[in-house]
Amino acid sequence: MDLPADSKSFTKNQRKQLSDPLDETDASFPENDSIESSVTGLIIRKPHKESEPVNTTLIGQATTASMREISILDLLTEEQWLDLHALFGLPPRSDAKVDVPRKRFISTLFCDGCKLGPTRTVRR
């Protein structure tokens, strides 16, 4: 097997065989300040927050100005054009609290989309 017989040489040889590929990988690693390989293992740091592009605020204002304001419930009731409620049904053997599929679908979209949860949606 062509391995050293004594323990010190064997350990040194194994470390070299294992560390050489790691060193090659580290050398080919892109310039990334948040990831570093050390003797103890891979160190992953929180990446630096990139600054916002210069025109972000301007683009946001232009987008908002060009869109008309609409209620989320009005938007969800426009679902009738797509009939999405027909694609998303209840799992088999489940008890529906709302028997009308379109109404159930819109209520679920409102509940999940606004992150209210079922209890708070019922109260609204």
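Computed from a prediction, not measured in an experiment: that's the story for all the values here. (Residues numbered from 1 in each chain as written. Predicted model: local features only at pLDDT ≥ 70, side-chain atom pairs only at ≥ 80, totals over all residues. Heavy atoms only, no water.)

### Observations regarding the overall build of the protein
Looking only at helices and strands, the protein features 5 helices and 2 strands. Taking contacts inside the protein between residues at least 6 apart in sequence as the whole, the part at least 24 apart equals 17%. Of the roughly 11,500 Å² of accessible surface on the protein, a fraction of 58% belongs to carbon and sulfur atoms. (Helix = DSSP H or I, 4+ residues; strand = E, 2+ residues; numbered from the N terminus. Contact = heavy atoms within 4.5 Å. Areas by Shrake-Rupley, 256 points an atom, 1.4 Å probe, with all protein chains shown as cover.)

### A few points about helix α4 (residues 101-113)
Relative to the 18 Å expected for 13 residues at 1.5 Å per residue, α4 spans 18 Å between its end C-alpha atoms, a close match to the ideal helical length. Positive phi shows up at lysine 115, right after α4, with a value of about 55°. (Expected span 1.5 Å × (residues − 1).)

### Brief notes about the state of the cysteines
With the rule as written, the count across this model stands at 0 disulfides. Here cysteine 114 is not disulfide-linked; the sulfur of cysteine 111 is the nearest cysteine sulfur, at 8.6 Å. Cysteine 114 gets classed as partly exposed once you look at its relative accessible area, which sits at 30%. (Disulfide = S-S within 2.5 Å. Buried < 20%, exposed > 50% of the residue type's maximum accessible area, 1.4 Å probe, protein only.)

### Side note on the pairing of strand β1 (residues 35-38)
Note on strand geometry: in a regular strand, side chains alternate between the two faces of the sheet. Where β1 and strand β2 (residues 41-44) come together, 4 bridges link them in antiparallel fashion. Each bridged residue has a counterpart across the sheet, and for serine 38 the counterpart in β2 is glycine 41. Linkage of β1 to β2, two consecutive antiparallel strands, is achieved through a turn of 2 residues. (Pairing = 2+ DSSP bridges.)

### Here we look at unusual backbone geometry
One can expect most non-glycine residues to show negative phi and most peptide bonds to be in trans. Non-glycine residue lysine 115 carries a positive phi angle of around 55°. Mapped onto the fold, lysine 115 is located in the loop between α4 and α5 (118-123). Looking at lysine 115, the relative accessible area reads 73%, which means it is exposed.

### Focus on the confidence of the model for the protein
In low-pLDDT regions, the fine details of the predicted coordinates are not to be read closely. When pLDDT is averaged across the protein, the result is 78; 84% of the residues are at 70 or more. Helix α3 (residues 72-77) is the least confidently modelled element of the protein, averaging 73 in pLDDT, while helix α2 (residues 56-66) averages 88, the highest of any element. (pLDDT = per-residue confidence, 0-100.)

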